Amino acid sequence: MTELNVGKTRLTLVQGDITVQQVDAIVNAANAALRGGGGVDGAIHRAGGPDIMAECRRIGGCPTGQAVRTTAGRLPADHVIHTVGPVWSGGDAGEPDLLASAYRRSLQVAADHGARTVAFPSISTGVYGYPKDLAAETALDAVSTAVANLDIDEVRFVVFGDDDLEIYRQALQPRASQ
Ligand code: AR6
């Protein structure tokens, strides 16, 4: 089960590199300073080229749970939506709300720029240490709710590792049979 319809929006699941996705907007798991870093952030800046960082510098930063848009430079996408997920610190510091907000705000910013297809990495589950299974449930909940009010055709979850693929499959399964 790698696909689920929520209203008029398709939620799809693929394993691979987000930088090569042919979608209108890809989402970056950034930091609040928008300074670049490792993980998916490093991959996006490397593949997209310096125009993305130039725009990040002009914007200056992004609070946790919020999202901002830049060019996608040399990437196949038209937009990069930079969002900042929470650092996991046990789960009692508002992490689920902040992670849900990161997904919700990313979709809103993407839709504000006319994007109809949007690809997400698994925000906060690398360097920021968010448990992958909890993050997948929050991601699917937040996206399913947000798309009801937006004109988005596809939200693509792009997972990197085999373990992430299995976790997302498990999270999608019960939703597909509802
Ligand atoms: N395509 C898709 N997913 C990827 C890719 C890729 N090319 N590369 C890594 N992942 P992380 P965070 C997965 O650490 O936890 C950065 O330094 C990865 O396996 O990129 O939100 C920023 O600058 C993991 O499942 O993001 C911040 O400082 C997921 O992407 C900080 O890390 C997210 O891992 C943000 O940490």
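Refer to the structure above for everything that follows.
Note that the structure is predicted; figures quoted are calculated from it, not measured.

Reading the values: rules and limits
Residues numbered from 1 in each chain as written. Predicted model: local features only at pLDDT ≥ 70, side-chain atom pairs only at ≥ 80, totals over all residues. Heavy atoms only, no water. Disulfide = S-S within 2.5 Å. Helix = DSSP H or I, 4+ residues; strand = E, 2+ residues; numbered from the N terminus. Contact = heavy atoms within 4.5 Å. Near = heavy atom within 4 Å. Polar contact = N/O pair within 3.5 Å; in protein donor to acceptor, adjacent residues only side chain to side chain. Nonpolar A, V, L, I, M, F, W, Y, C, P; charged D, E, K, R; others polar. Buried < 20%, exposed > 50% of the residue type's maximum accessible area, 1.4 Å probe, protein only. Pairing = 2+ DSSP bridges.

## Side note on the state of the cysteines
Turning to step 1, where the next piece is worked out: Under the defined criterion, the tally for this structure stands at zero disulfides.
Turning to step 2, where the next piece is worked out: Between cysteine 56, a cysteine without a disulfide, and cysteine 62, which holds the nearest cysteine sulfur, the sulfur-to-sulfur distance is 9.4 Å.

## A few points about the side chain of threonine 117
Turning to step 1, where the next piece is worked out: Along the polypeptide, threonine 117 turns up in strand 6 (residues 117-120).
Turning to step 2, where the next piece is worked out: Leave out the neighbours within four places in its chain, and threonine 117 touches Val23, Asp24, Ala25 and Glu154.

## What about the site of the ligand?
Turning to step 1, where the next piece is worked out: Near the ligand you find 20 residues, and of these Asn31, Val40, Asp41, Gly126 and Val127 are the closest.
Turning to step 2, where the next piece is worked out: Between the ligand and the protein, one listed contact pairs a nitrogen atom with a side-chain N or O atom of aspartate 17 at 2.9 Å.
Turning to step 3, where the next piece is worked out: For the ligand, an oxygen atom lies 2.7 Å from a polar atom in the side chain of aspartate 41.
Turning to step 4, where the next piece is worked out: In terms of residue count, helix 1 (residues 39-48) provides more of the shell around the ligand than any other element does, four residues in total.
Turning to step 5, where the next piece is worked out: Classifying every residue of the shell around the ligand gives eight nonpolar, ten polar and two charged.

## Some remarks on the pairing of strand 7 (residues 154-159)
Turning to step 1, where the next piece is worked out: By the criterion of burial, strand 7 is predominantly enclosed, with six of the six residues buried.
Turning to step 2, where the next piece is worked out: Both faces of strand 7 are covered, namely the face carrying Glu154, Arg156 and Val158 and the face carrying Val155, Phe157 and Val159.
Turning to step 3, where the next piece is worked out: Bridge analysis of strand 2 (residues 9-15) against strand 7 gives six bridges, and the strand direction is parallel. The partner of valine 14 across the bridge, within strand 7, is valine 158.
Turning to step 4, where the next piece is worked out: Pairing of strand 6 with strand 7, which is carried by four bridges, proceeds in the parallel orientation. Opposite phenylalanine 120, over in strand 7, you have phenylalanine 157 as the bridge partner.

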